[in-house]
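In case you want the letters, here they are:
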Amino acid sequence: LFLAAPWTAEQLKGCFATENVPKDLYDNVMRYIEEQGDKCGLLAAFITGLTQCPVLSPPVVTMCIIDDPEAVPEASTCANRLRLPHYPSYQKLKVKFDWALSSSLEFGLS
């Protein structure tokens, strides 16, 4: 496992599988990643546990839809799985992701 430089938005976006994910939710997650810019490394670490992008074998991230519309995004770093509701708007997704990422700093993701 060779690690590259810190994550870029394009590298992280390229890791996401699109199967069984509503297009609007996928598009909103991709928009959120793009808007993170230089901070997308924190989002990548939240989802994958990796602070840098692997050169030879980037992870494949799957999204799982959960039923609770008020839930914040959750991640399983061992499985590279992101669990989140199908939020009704980009703004709601952004608020929930921002909260999840700011809370994850308490667990050593910085």
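Report follows, based on the coordinates.

Procedures and definitions
Residues numbered from 1 in each chain as written. Predicted model: local features only at pLDDT ≥ 70, side-chain atom pairs only at ≥ 80, totals over all residues. Heavy atoms only, no water. Buried < 20%, exposed > 50% of the residue type's maximum accessible area, 1.4 Å probe, protein only. Helix = DSSP H or I, 4+ residues; strand = E, 2+ residues; numbered from the N terminus. Contact = heavy atoms within 4.5 Å. Pairing = 2+ DSSP bridges. Axes fitted to C-alpha atoms, helices over the stretch in contact; angles between N-to-C directions.

Here the focus is helix H3 (residues 40–48). Among the 9 residues that make up H3, 7 are buried, leaving the element largely enclosed by the rest of the structure. Regarding H3, the residues found buried are Cys 40, Leu 43, Ala 44, Ala 45, Phe 46, Ile 47 and Thr 48. Buried residues belonging to H3 abut helix H1 (9–13), helix H2 (23–36), strand S4 (74–76), strand S5 (81–85) and helix H4 (90–104). Positive backbone phi, approximately 85°, marks Gly 49, located one or two places after H3.

Turning next to the sheet that holds S5. With respect to topology, 3 strands assemble into an open sheet ordered S3-S5-S4, the strand pairing being mixed. Every interior strand has two partners, whereas the edge strands, strand S3 (62–66) and S4, have only one. Averaged over all neighbouring strand pairs, the angle between strand axes comes to 25°, with direction disregarded. Here S4 pairs with S5 via 3 bridges, running antiparallel. The residue bridging Glu 74 from the neighbouring strand is Arg 83, located in S5.

Turning to the environment of Ala 44, a few remarks are in order. Mapped onto the elements, Ala 44 comes out in helix H3. Each C-alpha atom of the pair Ala 44 and Lys 96 lies 16 Å from the other, and the pair is 52 residues apart in sequence. In this structure, Ala 44 is in contact with Trp 7, Leu 12, Gly 49 and Leu 50, ignoring residues within four places of it in sequence.

Relative to S5, S3 runs parallel, the two sharing 5 bridges. Its bridge partner lying in S5, Cys 64 is registered against Arg 83. The hairpin formed by S4 and S5 contains 4 residues between the paired strands, and Asn 80 there has a positive phi angle of roughly 50°.

Time to look at the side chain of Gln 36. Secondary-structure assignment places Gln 36 in helix H2. Gln 36 gets classed as buried once you look at its relative accessible area, which sits at 12%. Once residues lying within four places of it in the same chain are set aside, the contact partners of Gln 36 are Leu 43, Asp 98 and Leu 101.

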